[in-house]
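Descriptive analysis of the structure
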Amino acid sequence: MSALSLRRLRAVARKETLHVLRDPRALGIAIVLPMIMLMIFGYALTLDLDRVPLAVWDQSRTPQSRELVSRFEGSRYFSIAETSGSHADVENALDHGRVLLGLVIPQDFGKKVASERKTTVQILADGSDANTATLAMSYAESIIRTYSQETLVERARRMTGKAPVIPLELRVRAWFNTDMESRVFIVPGLIAVIMMLISALLTSLTVAREWETGTMEQLISTPLRGPELILGKLVPYFAIGMLDMLLSVLAGRYLFSVPIRGSVLLLFGVSAVYLIGALSLGILISCRAKNQLLASQAAFVATFLPAFLLSGFMFDIGNMPRALQFITYLIPARYFVTFLRGLYLKGSGLALLWPECLLMAAFGFLMLGLAVRSFHKRLV
């Protein structure tokens, strides 16, 4: 087999570059759409729970009950949206979605606390979103538990004249994401999902467009070989993909304040390998579909849905059914998400992330090889 002709490869790359530059829709998909997706998902997707709307029915109206309510008011996790006058008011606020939680303080609360007797308060939660309700209730329980412990400490101080010694003190420190902000966790994974989708969508239209516009017959009649056509079409989109990666990294750093703790050179080097695999997957789909609409739909189904659902970007793979966990090993975005989070959050290098890098390299070479083999210089 003769060597590749760089002259023919450059000619194909130049032709594809001119097509992209002359087509504003292609440029929009290539550059504008990734930024729009990053903004929408970056700001909309959050796992943080702040300012939960709370309805309070304080039947006691004593210093003790007001002290408990003030604990909720002073917390960053709660915002008192309504002050109810009856149990029906609390239920109505929950039914209409105005609040997520309801705090009901009984009438004898202050009296029992003052007389050092056991008392109770009630938390009502909208369980429509089970995860959010569970998290909100845990925050509420923490506030009430702290109030109860401080009440016991104050009671012991009055009885003994000194504060009791707490036998166990818990000190918590979060590594890698010390402020526990979800965007630091979400943005790196989001970059992996967006790069997979955009890359495959761009190249999924290339070969199919040649078939639909009738120019494939002209290409087939030339000395141009399959590898030269595939690689030539990859070149401009690879440059666009690396530009998208640069813009995504800059947006993550300066818009979402997500620092890069690892090597920037390693980040872009591995991203280039991942990008080659995603672009080659799009060309493979384009060669098989020979129809732009079908190719774009197939690219979306084959990239975005698996990358979003099965890569560990939003849902923990360990919590998935065992069968789905095995399927995730076939999703290249899984390895890129792991790589990006390790590099962004932990500052990890090749010493820890080499398995993911090796698997992404295998994916890139496999997709590129399949894309080259899938193109045949014949009209059927």
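Since this is a predicted model, take the numbers as computed values, not measurements.

This next bit is on helix 7 (residues 182-203). Relative to the 32 Å expected for 22 residues at 1.5 Å per residue, helix 7 spans 32 Å between its end C-alpha atoms, a close match to the ideal helical length. The element helix 7 is extensively covered by neighbouring structure, given that 20 of its 22 residues are classed as buried.

Attention shifts here to the sheet that holds strand 2 (residues 78-83). The 4 strands are arranged 2-1-3-4 in an open sheet whose pairing can be described as mixed. If you trace the sheet from one side to the other, it starts and ends with strand 2 and strand 4 (122-125), each paired once. Here the average twist between neighbouring strands, direction ignored, is 30°. Summarising the sheet, strand 1 (residues 52-58) and strand 2 pair through 5 bridges and their orientation is parallel. If you follow Ala55 over to strand 2, its bridge partner there is Glu82.

A separate point is unusual backbone geometry. Backbone geometry at Arg51 places phi at a positive 55°, although glycine is not the residue there. Along the chain, Arg51 falls in the loop between helix 2 (24-44) and strand 1.

Here we take up the confidence of the model for the chain. A residue-level look at the chain finds 96% of positions with pLDDT of 70 or above and a mean pLDDT of 85. Confidence, read as mean pLDDT per element, is least for helix 9 (residues 216-220) in the chain (68) and greatest for helix 14 (residues 332-346) (93).

So, on to the pattern of salt bridges. Tallying each qualifying case throughout the model produces 7 salt bridges. Between Glu150 and Arg71 there is a salt bridge, and its shortest N-O distance comes to 2.5 Å. Of this pair, Glu150 sits in helix 6 (residues 130-160) while Arg71 sits in helix 3 (residues 63-73), and the two are 79 residues apart along the sequence. Its salt-bridge partner being Lys112, residue Asp108 comes within 3.3 Å of it at the nearest N-O pair. According to the relative accessible area criterion, Asp108 is partly exposed, its value standing at 30%. Judged by relative accessible area, which is 23%, Lys112 ranks as partly exposed.

At their nearest, the axes of helix 8 (residues 206-213) and helix 11 (residues 264-289) sit 6 Å apart, and the two run at 25° to each other. Here helix 8 lies roughly parallel to helix 11, going by the angle between them. Contact residues: Thr206, Val207 and Ala208 in helix 8; Ile283, Ser286 and Cys287 in helix 11. In terms of residue class, the contact of helix 8 with helix 11 is made up of 4 nonpolar, 2 polar and no charged.

You can see Met180 is positioned in the loop between helix 6 and helix 7. Each C-alpha atom of the pair Met180 and Asp316 lies 17 Å from the other, and the pair is 136 residues apart in sequence. Setting aside its immediate chain neighbours within four residues, Met180 contacts Asp48 and Ala174.

For the rest of this paragraph, the subject is the side chain of Glu228. Note on placement: Glu228 falls in helix 10 (residues 226-254). Of note is the side chain of Glu228, whose polar atom sits 2.8 Å from the side chain of Arg8.

The rules we used
- Residues numbered from 1 in each chain as written.
- Predicted model: local features only at pLDDT ≥ 70, side-chain atom pairs only at ≥ 80, totals over all residues.
- Heavy atoms only, no water.
- Helix = DSSP H or I, 4+ residues; strand = E, 2+ residues; numbered from the N terminus.
- Expected span 1.5 Å × (residues − 1).
- Buried < 20%, exposed > 50% of the residue type's maximum accessible area, 1.4 Å probe, protein only.
- Pairing = 2+ DSSP bridges.
- Axes fitted to C-alpha atoms, helices over the stretch in contact; angles between N-to-C directions.
- pLDDT = per-residue confidence, 0-100.
- Salt bridge = Lys/Arg side-chain N within 4 Å of Asp/Glu carboxyl O.
- Parallel < 35°, antiparallel > 145°, perpendicular 65-115°, else oblique.
- Contact = heavy atoms within 4.5 Å.
- Nonpolar A, V, L, I, M, F, W, Y, C, P; charged D, E, K, R; others polar.
- Polar contact = N/O pair within 3.5 Å; in protein donor to acceptor, adjacent residues only side chain to side chain.

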